[in-house]
Amino acid sequence: MRRFFLVLLIAALVGGGGYYWYAFHNGGAGSGTAGDGARKTQAQASARTVPVVTQKVAVQAVPEQIVTIGSVQPIAAIAIKARVDSVVETVNFTEGQEVKAGDTLFTLDSRSLDAQLRQAQANLERDRANLDKARGDVKRYGELVRTSAISRTTYDAAVATADALEGTVKADLAAIEAAKVSLSFTRITAPMDGRTGTITAKVGTMVRAADANPLVTLTQLRPINVAFNVPEKHLPAIRAAMAAGSLPVAASIAGSHGEKAEGKLSFVDSQVDQQTGTILVKGEFPNADTRLWPGQFVDTVLTLRVEQDALTIPDLAVQTGQKGRFVYVVKPDETAEVRPVTIERSHGGLSVVASGLQAGERVVVDGQSRLFPGAKISERAGKPATPPPGETAEGGRRQGSAAKGSAVEETAGTRTQTAGGAT
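A brief structural summary.

## A word on the overall build of the protein
Line of reasoning, step 1. Summing up its helical and strand segments, the protein has five helices and 22 strands in all.
Line of reasoning, step 2. Here the analysis covers contacts within the protein between residues at least 6 apart in sequence; of these, 76% occur between residues at least 24 apart.
Line of reasoning, step 3. Roughly 24900 Å² of accessible area belongs to the protein as shown, and the carbon and sulfur atoms make up 54% of that amount.

## Some points on the pairing of strand E14 (residues 278–285)
Line of reasoning, step 1. In terms of strand pairing, strand E11 (residues 224–231) meets E14 through eight bridges, oriented antiparallel. Bridge pairing in E14 places Ala 227 opposite Lys 282.
Line of reasoning, step 2. Bridging between strand E13 (residues 260–268) and E14 involves four bridges; their strand directions are antiparallel. Opposite Leu 265, over in E14, you have Gly 283 as the bridge partner.

## Re the pairing of strand E15 (residues 297–314)
Line of reasoning, step 1. Pairing analysis gives 13 bridges linking strand E2 (residues 58–74) to E15, with the strands arranged antiparallel. Each residue of the ladder has a partner; that of Gln 65, found in E15, is Thr 303.
Line of reasoning, step 2. Pairing of strand E12 (residues 248–252) with E15 involves four bridges; the strand directions are antiparallel. Looking across to E15, one finds that Ala 251 is bridged to Thr 300.
Line of reasoning, step 3. Inspection of the sheet shows E15 paired to strand E20 (residues 350–355) by three bridges, in the antiparallel sense. Looking at E20, one finds that Pro 314 is bridged to Leu 350.

## Some remarks on helix H3 (residues 152–184)
Line of reasoning, step 1. Between its first and last C-alpha, H3 extends 49 Å over 33 residues, near the 48 Å set by a 1.5 Å rise per residue.
Line of reasoning, step 2. Taken residue by residue, H3 has Tyr 155, Ala 158, Ala 162, Leu 165, Val 169, Asp 172, Ile 176, Ala 179 and Leu 183 as its buried positions.
Line of reasoning, step 3. Buried positions along H3 lie against helix H2 (111–146) and strand E7 (187–189).

## Some points on the nonpolar core
Line of reasoning, step 1. With 35 residues, the main nonpolar core has Leu 105, Phe 106, Leu 108, Val 207 and Leu 215 as its most contacted residues.
Line of reasoning, step 2. Of all the secondary structure elements, the ones that give two or more residues to this core are strand E6 (104–108), H2, H3 and strand E10 (216–219).
Line of reasoning, step 3. Once you skip the residues sitting within four places of it in the chain, Phe 106 turns out to touch Val 88, Thr 90, Val 91, Asn 92, Phe 93, Thr 186, Arg 187, Ile 188, Ile 199, Ala 201, Leu 215 and Val 216.
Line of reasoning, step 4. Residues Ala 241, Val 249, Ile 279 and Leu 302 belong to the second largest nonpolar core, which totals 22 residues.

## Looking at the environment of Ala 115
Line of reasoning, step 1. Within the element layout of this structure, Ala 115 appears in helix H2.
Line of reasoning, step 2. Residue Ala 115 is classed as partly exposed on the basis of its relative accessible area of 34%.
Line of reasoning, step 3. Each C-alpha atom, one on Ala 115 and one on Ala 179, is 9.2 Å from the other, the two residues being 64 residues apart in sequence.

## Section: the sheet that holds E7
Line of reasoning, step 1. In spatial order, the strands read E7-E6-E4-E9; together these four strands make up an open sheet with antiparallel pairing. Since the sheet does not close on itself, it has two edges, and those belong to E7 and strand E9 (206–207), each with one partner.
Line of reasoning, step 2. The pairing of strand E4 (residues 86–91) with E9 spans two bridges and is antiparallel. Within E9, the position partnered with Ser 86 by the bridge is Val 207.

## Focus: the sheet that holds strand E3 (residues 77–80)
Line of reasoning, step 1. The strand order E3-E10-E8-E5 describes an open sheet built from four strands, whose pairing is antiparallel. The open sheet has two free edges, formed respectively by E3 and strand E5 (98–99), since each of these has just one partner strand.
Line of reasoning, step 2. Where strand E8 (residues 194–196) meets E10, two bridges bridge the pair, whose relative direction is antiparallel. Pairing of Arg 195 across the sheet is with Thr 219, part of E10.

## A look at unusual backbone geometry
Line of reasoning, step 1. The peptide bond linking Arg 222 to Pro 223 adopts the cis configuration, its omega dihedral lying at -10 degrees.
Line of reasoning, step 2. You can see Pro 223 is positioned in the loop between E10 and E11.
Line of reasoning, step 3. The backbone of Asn 287 sits at a positive phi, close to 55 degrees, despite the residue not being glycine.
Line of reasoning, step 4. Checked against the element boundaries, Asn 287 lands in the loop between E14 and E15.
Line of reasoning, step 5. Residue Asn 287 is classed as buried on the basis of its relative accessible area of 6%.

## Regarding the packing of H2 against H3
Line of reasoning, step 1. It is the contact of H2 with H3, at a shortest axis distance of 8 Å, that shows an interaxial angle of 160 degrees. The angle between H2 and H3 falls in the class roughly antiparallel. For the pair H2 and H3, the sense of crossing is left-handed.
Line of reasoning, step 2. Its residues assigned to classes, the contact of H2 with H3 comprises 20 nonpolar, nine polar and eight charged.

## Some words on H2
Line of reasoning, step 1. Here H2 spans 53 Å end to end across 36 residues, near enough to the 52 Å set by a 1.5 Å rise per residue.
Line of reasoning, step 2. The complete set of buried residues in H2 reads Leu 113, Leu 117, Ala 120, Leu 124, Asp 127, Leu 131, Ala 134, Asp 137, Val 138, Gly 142 and Val 145.
Line of reasoning, step 3. Looking at the buried residues of H2, the elements they touch are H3.
Line of reasoning, step 4. Remark: Ser 148 follows H2 within two positions and exhibits a positive phi of approximately 60 degrees.

## Quick notes on the packing of aromatic side chains
Line of reasoning, step 1. Across all of its chains, the model carries two aromatic pairs by this definition.
Line of reasoning, step 2. Taken together, a centroid distance of 5.3 Å and an interplanar angle of 85 degrees make the contact between Phe 93 and Phe 106 edge-to-face. Of this pair, Phe 93 sits in the loop between E4 and E5 while Phe 106 is found in strand E6, placing the two residues 13 residues apart along the sequence. In this pair, the class of Phe 93 matches that of Phe 106, namely buried.
Line of reasoning, step 3. When the centroid spacing of 5.6 Å and the interplanar angle of 85 degrees are considered together, the rings of Phe 326 and Tyr 328 count as edge-to-face. The same class applies to Phe 326 and to Tyr 328, which are both buried.
Line of reasoning, step 4. A cation over a ring is seen here: Lys 282 above Phe 267, with NZ or CZ 5.5 Å from the ring centre.

The rules behind these values
- Residues numbered from 1 in each chain as written.
- Predicted model: local features only at pLDDT ≥ 70, side-chain atom pairs only at ≥ 80, totals over all residues.
- Heavy atoms only, no water.
- Helix = DSSP H or I, 4+ residues; strand = E, 2+ residues; numbered from the N terminus.
- Contact = heavy atoms within 4.5 Å.
- Areas by Shrake-Rupley, 256 points an atom, 1.4 Å probe, with all protein chains shown as cover.
- Pairing = 2+ DSSP bridges.
- Expected span 1.5 Å × (residues − 1).
- Buried < 20%, exposed > 50% of the residue type's maximum accessible area, 1.4 Å probe, protein only.
- Core = buried A, V, L, I, M, F, W, Y, C linked by side-chain atoms within 4.5 Å.
- Axes fitted to C-alpha atoms, helices over the stretch in contact; angles between N-to-C directions.
- Parallel < 35°, antiparallel > 145°, perpendicular 65-115°, else oblique.
- Left-handed = near helix turned anticlockwise from the far one by under 90°.
- Nonpolar A, V, L, I, M, F, W, Y, C, P; charged D, E, K, R; others polar.
- Phe/Tyr/Trp six-rings, centres within 6.5 Å; stacked < 30°, edge-to-face > 60°.
- Lys NZ or Arg CZ within 6 Å of the ring centre and 35° of its normal.

Any functional reading would require information that these geometric values do not contain.
Written as C-alpha coordinates, this is what we have:
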(Lines give C-alpha, C1' and ligand atoms only; values in the text may rest on other atoms or scores of the structure.)
Protein backbone atom coordinates (compact mmCIF):
# COMPACT_ATOMS: atom_id res chain seq x y z
CA MET A 1 0.00 0.00 0.00
CA ARG A 2 2.78 2.38 0.92
CA ARG A 3 4.42 1.53 -2.36
CA PHE A 4 1.17 2.37 -4.18
CA PHE A 5 0.91 5.81 -2.62
CA LEU A 6 4.57 6.43 -3.34
CA VAL A 7 3.96 5.61 -7.00
CA LEU A 8 0.97 8.00 -7.08
CA LEU A 9 3.04 10.76 -5.48
CA ILE A 10 5.82 10.34 -8.03
CA ALA A 11 3.25 10.34 -10.87
CA ALA A 12 1.66 13.53 -9.52
CA LEU A 13 5.02 15.24 -9.27
CA VAL A 14 5.94 14.18 -12.82
CA GLY A 15 2.55 15.33 -14.16
CA GLY A 16 2.75 18.65 -12.33
CA GLY A 17 6.26 19.24 -13.61
CA GLY A 18 5.19 18.42 -17.17
CA TYR A 19 2.21 20.73 -16.92
CA TYR A 20 4.36 23.53 -15.54
CA TRP A 21 6.89 23.03 -18.32
CA TYR A 22 4.16 23.01 -20.98
CA ALA A 23 2.47 26.08 -19.55
CA PHE A 24 5.75 27.94 -19.29
CA HIS A 25 6.83 27.25 -22.86
CA ASN A 26 3.36 27.87 -24.33
CA GLY A 27 3.14 31.15 -22.40
CA GLY A 28 6.50 32.28 -23.77
CA ALA A 29 5.46 31.37 -27.31
CA GLY A 30 2.19 33.27 -26.88
CA SER A 31 4.05 36.31 -25.65
CA GLY A 32 6.33 36.19 -28.71
CA THR A 33 3.32 35.87 -31.01
CA ALA A 34 1.70 38.90 -29.40
CA GLY A 35 4.90 40.91 -29.91
CA ASP A 36 5.11 39.90 -33.55
CA GLY A 37 1.45 40.83 -34.02
CA ALA A 38 2.05 44.25 -32.53
CA ARG A 39 5.01 44.80 -34.78
CA LYS A 40 3.03 43.60 -37.79
CA THR A 41 0.18 45.91 -36.94
CA GLN A 42 2.62 48.80 -36.62
CA ALA A 43 4.20 47.91 -39.96
CA GLN A 44 0.77 47.81 -41.61
CA ALA A 45 -0.05 51.17 -40.11
CA SER A 46 3.24 52.50 -41.42
CA ALA A 47 2.51 50.97 -44.82
CA ARG A 48 -0.82 52.82 -44.97
CA THR A 49 1.01 56.18 -44.76
CA VAL A 50 0.92 57.68 -48.25
CA PRO A 51 4.13 59.43 -49.36
CA VAL A 52 3.32 62.72 -51.10
CA VAL A 53 4.89 66.03 -52.08
CA THR A 54 3.25 69.15 -50.68
CA GLN A 55 3.53 72.87 -51.17
CA LYS A 56 2.17 75.85 -49.31
CA VAL A 57 -0.46 78.21 -50.68
CA ALA A 58 1.50 81.33 -51.65
CA VAL A 59 0.57 84.98 -52.03
CA GLN A 60 2.30 86.64 -54.96
CA ALA A 61 1.81 88.99 -57.91
CA VAL A 62 0.29 87.23 -60.91
CA PRO A 63 -0.43 88.99 -64.21
CA GLU A 64 -3.68 88.47 -66.08
CA GLN A 65 -2.67 87.77 -69.65
CA ILE A 66 -4.07 86.64 -72.96
CA VAL A 67 -1.71 84.35 -74.85
CA THR A 68 -2.26 83.63 -78.52
CA ILE A 69 -0.50 83.44 -81.87
CA GLY A 70 -0.06 86.61 -83.92
CA SER A 71 1.42 87.59 -87.26
CA VAL A 72 3.85 90.41 -87.94
CA GLN A 73 2.48 93.01 -90.34
CA PRO A 74 4.20 96.14 -91.67
CA ILE A 75 2.46 99.43 -91.03
CA ALA A 76 3.12 100.35 -94.67
CA ALA A 77 4.26 98.37 -97.73
CA ILE A 78 4.41 100.60 -100.81
CA ALA A 79 4.58 99.32 -104.38
CA ILE A 80 6.90 101.63 -106.32
CA LYS A 81 5.66 102.13 -109.91
CA ALA A 82 6.60 104.34 -112.83
CA ARG A 83 4.31 107.27 -113.53
CA VAL A 84 5.59 108.00 -117.02
CA ASP A 85 6.47 105.85 -120.01
CA SER A 86 10.22 105.63 -120.27
CA VAL A 87 13.29 103.40 -119.97
CA VAL A 88 15.17 102.63 -116.73
CA GLU A 89 18.47 104.45 -116.91
CA THR A 90 19.99 103.68 -113.47
CA VAL A 91 19.13 101.58 -110.39
CA ASN A 92 20.61 103.23 -107.32
CA PHE A 93 20.15 100.49 -104.70
CA THR A 94 20.48 96.77 -104.22
CA GLU A 95 17.83 94.23 -103.37
CA GLY A 96 17.17 94.05 -99.62
CA GLN A 97 18.84 97.39 -98.92
CA GLU A 98 17.45 99.70 -96.29
CA VAL A 99 16.84 103.19 -97.66
CA LYS A 100 15.83 106.54 -96.20
CA ALA A 101 12.97 108.76 -97.26
CA GLY A 102 14.06 110.87 -100.26
CA ASP A 103 16.79 108.50 -101.46
CA THR A 104 16.84 108.04 -105.25
CA LEU A 105 15.78 104.55 -106.24
CA PHE A 106 15.50 104.70 -110.06
CA THR A 107 16.40 107.19 -112.75
CA LEU A 108 14.46 107.04 -116.03
CA ASP A 109 15.41 108.37 -119.46
CA SER A 110 14.26 112.02 -119.46
CA ARG A 111 15.27 113.22 -122.94
CA SER A 112 11.79 113.23 -124.45
CA LEU A 113 10.34 114.99 -121.41
CA ASP A 114 13.14 117.57 -121.55
CA ALA A 115 12.19 118.29 -125.14
CA GLN A 116 8.54 118.65 -124.20
CA LEU A 117 9.49 121.13 -121.49
CA ARG A 118 11.58 123.20 -123.90
CA GLN A 119 8.76 123.17 -126.41
CA ALA A 120 6.31 124.42 -123.79
CA GLN A 121 8.71 127.18 -122.80
CA ALA A 122 9.11 128.23 -126.47
CA ASN A 123 5.34 128.34 -126.91
CA LEU A 124 5.13 130.59 -123.88
CA GLU A 125 7.66 133.01 -125.30
CA ARG A 126 5.82 133.15 -128.64
CA ASP A 127 2.43 133.70 -127.07
CA ARG A 128 3.77 136.34 -124.71
CA ALA A 129 5.15 138.26 -127.72
CA ASN A 130 1.79 138.04 -129.44
CA LEU A 131 0.11 139.17 -126.24
CA ASP A 132 2.35 142.24 -126.00
CA LYS A 133 1.50 143.12 -129.62
CA ALA A 134 -2.20 142.65 -128.99
CA ARG A 135 -2.12 144.83 -125.90
CA GLY A 136 -0.38 147.57 -127.95
CA ASP A 137 -3.06 147.32 -130.61
CA VAL A 138 -5.77 147.68 -128.00
CA LYS A 139 -4.11 150.82 -126.66
CA ARG A 140 -3.74 152.40 -130.12
CA TYR A 141 -7.23 151.39 -131.22
CA GLY A 142 -8.64 152.93 -128.10
CA GLU A 143 -7.27 156.36 -129.04
CA LEU A 144 -8.41 155.98 -132.64
CA VAL A 145 -11.93 154.88 -131.77
CA ARG A 146 -12.38 158.05 -129.68
CA THR A 147 -11.63 160.16 -132.79
CA SER A 148 -13.78 157.84 -134.93
CA ALA A 149 -10.71 156.98 -137.03
CA ILE A 150 -11.63 153.27 -136.83
CA SER A 151 -14.82 151.49 -136.22
CA ARG A 152 -15.91 150.15 -132.86
CA THR A 153 -15.92 146.65 -134.29
CA THR A 154 -12.21 146.77 -135.07
CA TYR A 155 -11.47 147.92 -131.52
CA ASP A 156 -13.57 145.14 -130.00
CA ALA A 157 -11.78 142.57 -132.19
CA ALA A 158 -8.41 143.79 -130.92
CA VAL A 159 -9.57 143.53 -127.30
CA ALA A 160 -10.81 139.96 -127.88
CA THR A 161 -7.53 138.97 -129.47
CA ALA A 162 -5.58 140.32 -126.48
CA ASP A 163 -7.83 138.47 -124.03
CA ALA A 164 -7.44 135.21 -125.96
CA LEU A 165 -3.68 135.56 -125.96
CA GLU A 166 -3.73 136.08 -122.16
CA GLY A 167 -5.54 132.74 -121.86
CA THR A 168 -3.03 131.14 -124.20
CA VAL A 169 -0.14 132.40 -122.05
CA LYS A 170 -1.78 130.92 -118.93
CA ALA A 171 -2.20 127.60 -120.75
CA ASP A 172 1.47 127.70 -121.72
CA LEU A 173 2.43 128.26 -118.08
CA ALA A 174 0.31 125.26 -117.06
CA ALA A 175 1.89 123.15 -119.81
CA ILE A 176 5.33 124.08 -118.51
CA GLU A 177 4.34 123.06 -114.98
CA ALA A 178 2.96 119.75 -116.27
CA ALA A 179 6.14 119.11 -118.19
CA LYS A 180 8.21 119.82 -115.10
CA VAL A 181 6.07 117.44 -113.04
CA SER A 182 6.40 114.70 -115.67
CA LEU A 183 10.12 115.33 -115.79
CA SER A 184 10.33 114.93 -111.99
CA PHE A 185 8.80 111.46 -112.36
CA THR A 186 11.95 110.32 -114.11
CA ARG A 187 13.67 110.44 -110.71
CA ILE A 188 11.89 107.91 -108.47
CA THR A 189 12.63 108.42 -104.76
CA ALA A 190 11.75 106.52 -101.57
CA PRO A 191 8.59 107.94 -99.94
CA MET A 192 9.59 106.58 -96.49
CA ASP A 193 12.26 104.72 -94.58
CA GLY A 194 12.11 101.03 -95.35
CA ARG A 195 13.65 97.92 -96.82
CA THR A 196 13.55 97.16 -100.52
CA GLY A 197 12.39 93.88 -101.95
CA THR A 198 12.97 92.20 -105.29
CA ILE A 199 13.83 94.51 -108.19
CA THR A 200 11.68 93.70 -111.20
CA ALA A 201 13.04 96.42 -113.53
CA LYS A 202 16.71 96.37 -114.45
CA VAL A 203 18.68 98.98 -116.40
CA GLY A 204 17.27 99.29 -119.95
CA THR A 205 13.83 97.94 -119.05
CA MET A 206 10.91 99.71 -120.69
CA VAL A 207 8.42 100.83 -118.05
CA ARG A 208 4.96 102.30 -118.47
CA ALA A 209 2.58 104.09 -116.16
CA ALA A 210 -0.05 101.42 -116.83
CA ASP A 211 2.14 98.51 -115.72
CA ALA A 212 0.52 96.32 -113.05
CA ASN A 213 3.75 95.00 -111.56
CA PRO A 214 5.74 97.41 -109.38
CA LEU A 215 9.40 98.18 -109.97
CA VAL A 216 10.10 97.29 -106.32
CA THR A 217 8.20 97.05 -103.04
CA LEU A 218 9.33 99.16 -100.10
CA THR A 219 8.39 97.77 -96.68
CA GLN A 220 8.49 99.72 -93.43
CA LEU A 221 10.22 97.83 -90.60
CA ARG A 222 10.37 100.48 -87.86
CA PRO A 223 7.89 100.59 -86.22
CA ILE A 224 5.95 97.45 -87.05
CA ASN A 225 2.63 95.85 -86.08
CA VAL A 226 1.69 92.45 -84.69
CA ALA A 227 -1.93 91.47 -85.39
CA PHE A 228 -3.74 88.75 -83.43
CA ASN A 229 -7.29 87.67 -82.61
CA VAL A 230 -8.71 87.31 -79.11
CA PRO A 231 -12.02 85.75 -78.02
CA GLU A 232 -14.84 88.25 -77.84
CA LYS A 233 -15.42 87.47 -74.13
CA HIS A 234 -12.18 89.34 -73.37
CA LEU A 235 -13.31 92.52 -75.13
CA PRO A 236 -14.89 94.19 -72.03
CA ALA A 237 -11.73 93.52 -69.99
CA ILE A 238 -9.51 94.88 -72.77
CA ARG A 239 -11.55 98.06 -73.15
CA ALA A 240 -11.61 98.63 -69.39
CA ALA A 241 -7.86 98.12 -69.18
CA MET A 242 -7.25 100.47 -72.13
CA ALA A 243 -9.27 103.17 -70.38
CA ALA A 244 -6.86 102.93 -67.45
CA GLY A 245 -3.73 103.24 -69.60
CA SER A 246 -1.69 101.65 -72.37
CA LEU A 247 -1.49 97.85 -72.38
CA PRO A 248 1.88 96.12 -72.87
CA VAL A 249 2.21 93.48 -75.56
CA ALA A 250 5.11 91.04 -75.82
CA ALA A 251 6.00 88.98 -78.88
CA SER A 252 8.51 86.14 -79.07
CA ILE A 253 9.68 84.07 -82.00
CA ALA A 254 10.14 80.32 -81.91
CA GLY A 255 13.82 79.55 -81.40
CA SER A 256 14.66 82.98 -79.99
CA HIS A 257 15.75 81.50 -76.62
CA GLY A 258 13.16 83.46 -74.65
CA GLU A 259 13.99 86.85 -76.15
CA LYS A 260 10.91 89.04 -76.44
CA ALA A 261 10.02 92.23 -78.24
CA GLU A 262 8.07 94.74 -76.19
CA GLY A 263 5.31 96.97 -77.56
CA LYS A 264 1.91 98.36 -76.70
CA LEU A 265 -1.65 97.76 -77.83
CA SER A 266 -2.51 100.25 -80.57
CA PHE A 267 -5.68 99.06 -82.29
CA VAL A 268 -8.93 97.22 -81.53
CA ASP A 269 -11.15 96.43 -84.50
CA SER A 270 -14.57 98.04 -84.76
CA GLN A 271 -16.49 94.77 -84.96
CA VAL A 272 -16.36 91.13 -83.90
CA ASP A 273 -15.94 88.43 -86.52
CA GLN A 274 -19.21 86.52 -86.27
CA GLN A 275 -17.79 83.40 -87.92
CA THR A 276 -14.99 82.92 -85.40
CA GLY A 277 -16.28 84.87 -82.39
CA THR A 278 -13.00 86.76 -82.15
CA ILE A 279 -11.91 90.36 -82.55
CA LEU A 280 -8.78 91.63 -84.27
CA VAL A 281 -6.32 93.69 -82.22
CA LYS A 282 -2.87 95.01 -83.05
CA GLY A 283 0.21 95.88 -81.06
CA GLU A 284 2.80 98.39 -82.23
CA PHE A 285 6.50 97.61 -81.67
CA PRO A 286 9.46 99.98 -82.13
CA ASN A 287 11.43 97.07 -83.64
CA ALA A 288 14.71 98.98 -83.45
CA ASP A 289 16.70 95.76 -83.85
CA THR A 290 14.38 94.45 -86.62
CA ARG A 291 13.79 91.29 -84.60
CA LEU A 292 10.26 91.14 -85.92
CA TRP A 293 9.99 90.47 -89.64
CA PRO A 294 6.89 90.94 -91.81
CA GLY A 295 4.96 87.70 -92.27
CA GLN A 296 6.36 85.93 -89.21
CA PHE A 297 4.17 84.05 -86.74
CA VAL A 298 4.94 84.97 -83.14
CA ASP A 299 3.74 83.99 -79.66
CA THR A 300 1.91 87.06 -78.40
CA VAL A 301 1.17 87.94 -74.77
CA LEU A 302 -1.24 90.78 -73.96
CA THR A 303 -1.10 91.81 -70.28
CA LEU A 304 -4.36 93.26 -68.96
CA ARG A 305 -3.38 93.78 -65.32
CA VAL A 306 -1.18 92.45 -62.51
CA GLU A 307 -2.94 91.10 -59.41
CA GLN A 308 -0.51 91.85 -56.58
CA ASP A 309 -1.90 89.63 -53.78
CA ALA A 310 -3.13 86.52 -55.53
CA LEU A 311 -3.48 83.15 -53.76
CA THR A 312 -1.61 80.64 -55.90
CA ILE A 313 -1.06 76.91 -55.97
CA PRO A 314 0.62 74.73 -58.60
CA ASP A 315 -1.64 73.51 -61.38
CA LEU A 316 -0.62 69.96 -60.45
CA ALA A 317 -2.42 70.30 -57.12
CA VAL A 318 -5.83 70.86 -58.71
CA GLN A 319 -7.93 67.73 -59.20
CA THR A 320 -11.25 67.33 -60.99
CA GLY A 321 -14.01 65.23 -59.52
CA GLN A 322 -17.70 64.62 -60.02
CA LYS A 323 -18.52 67.72 -58.00
CA GLY A 324 -15.94 69.97 -59.60
CA ARG A 325 -12.40 70.98 -58.79
CA PHE A 326 -10.78 70.13 -55.47
CA VAL A 327 -7.40 69.80 -53.77
CA TYR A 328 -6.02 67.62 -51.00
CA VAL A 329 -5.16 69.81 -47.99
CA VAL A 330 -2.80 68.52 -45.31
CA LYS A 331 -4.28 69.03 -41.84
CA PRO A 332 -2.13 69.68 -38.75
CA ASP A 333 -2.35 65.99 -37.77
CA GLU A 334 -0.77 65.05 -41.14
CA THR A 335 -3.97 63.65 -42.62
CA ALA A 336 -5.48 64.51 -45.99
CA GLU A 337 -8.66 66.54 -46.37
CA VAL A 338 -10.62 67.00 -49.60
CA ARG A 339 -11.27 70.72 -50.15
CA PRO A 340 -13.42 72.10 -53.00
CA VAL A 341 -11.80 75.14 -54.64
CA THR A 342 -12.70 77.76 -57.20
CA ILE A 343 -9.94 78.50 -59.71
CA GLU A 344 -10.09 81.96 -61.26
CA ARG A 345 -7.39 81.52 -63.92
CA SER A 346 -4.01 79.93 -64.59
CA HIS A 347 -0.63 81.45 -65.36
CA GLY A 348 2.79 79.91 -65.85
CA GLY A 349 1.95 76.62 -64.14
CA LEU A 350 0.19 78.37 -61.24
CA SER A 351 -3.54 78.44 -60.51
CA VAL A 352 -5.04 81.56 -58.95
CA VAL A 353 -7.49 80.49 -56.23
CA ALA A 354 -10.66 82.54 -55.88
CA SER A 355 -12.03 80.63 -52.86
CA GLY A 356 -11.51 77.49 -50.80
CA LEU A 357 -7.97 78.00 -49.48
CA GLN A 358 -6.01 80.31 -47.23
CA ALA A 359 -2.41 81.47 -47.41
CA GLY A 360 0.03 79.09 -45.72
CA GLU A 361 -2.07 75.94 -46.01
CA ARG A 362 -0.31 72.89 -47.42
CA VAL A 363 -1.70 71.21 -50.50
CA VAL A 364 -0.62 67.97 -52.14
CA VAL A 365 1.01 68.48 -55.52
CA ASP A 366 2.12 64.91 -56.21
CA GLY A 367 0.87 61.50 -55.05
CA GLN A 368 -2.88 62.22 -55.05
CA SER A 369 -3.77 58.95 -56.79
CA ARG A 370 -3.41 56.97 -53.51
CA LEU A 371 -5.06 59.51 -51.23
CA PHE A 372 -8.51 59.44 -49.69
CA PRO A 373 -10.15 61.63 -47.03
CA GLY A 374 -8.44 61.06 -43.69
CA ALA A 375 -5.45 59.25 -45.16
CA LYS A 376 -2.21 59.57 -43.21
CA ILE A 377 0.45 61.24 -45.29
CA SER A 378 4.21 61.52 -45.11
CA GLU A 379 6.38 64.06 -46.92
CA ARG A 380 8.75 62.44 -49.36
CA ALA A 381 11.85 63.97 -50.85
CA GLY A 382 11.87 65.45 -54.32
CA LYS A 383 9.66 67.85 -56.19
CA PRO A 384 7.57 67.10 -59.24
CA ALA A 385 8.59 68.53 -62.56
CA THR A 386 7.07 71.95 -63.06
CA PRO A 387 4.99 72.17 -66.24
CA PRO A 388 6.29 74.64 -68.83
CA PRO A 389 4.78 78.10 -68.53
CA GLY A 390 2.66 79.61 -71.30
CA GLU A 391 -0.96 78.65 -70.63
CA THR A 392 -2.11 81.94 -69.15
CA ALA A 393 -5.45 83.60 -68.64
CA GLU A 394 -8.56 81.63 -69.35
CA GLY A 395 -9.01 81.27 -73.07
CA GLY A 396 -5.31 81.65 -73.84
CA ARG A 397 -3.48 79.31 -76.22
CA ARG A 398 0.06 78.07 -76.57
CA GLN A 399 1.63 77.14 -79.89
CA GLY A 400 2.45 73.46 -80.28
CA SER A 401 0.54 72.32 -77.18
CA ALA A 402 -1.89 69.87 -78.80
CA ALA A 403 -0.01 66.78 -77.67
CA LYS A 404 0.42 68.17 -74.18
CA GLY A 405 -3.30 68.97 -74.07
CA SER A 406 -4.13 65.35 -74.85
CA ALA A 407 -1.83 64.16 -72.08
CA VAL A 408 -3.43 66.59 -69.66
CA GLU A 409 -6.89 65.38 -70.60
CA GLU A 410 -5.84 61.77 -70.07
CA THR A 411 -4.35 62.64 -66.68
CA ALA A 412 -7.45 64.61 -65.74
CA GLY A 413 -9.57 61.58 -66.60
CA THR A 414 -7.45 59.39 -64.33
CA ARG A 415 -7.73 61.93 -61.54
CA THR A 416 -11.45 62.13 -61.98
CA GLN A 417 -11.80 58.38 -61.54
CA THR A 418 -9.59 58.45 -58.45
CA ALA A 419 -11.53 61.31 -56.90
CA GLY A 420 -14.79 59.59 -57.65
CA GLY A 421 -13.60 56.44 -55.99
CA ALA A 422 -12.38 58.39 -52.99
CA THR A 423 -15.64 60.21 -52.70
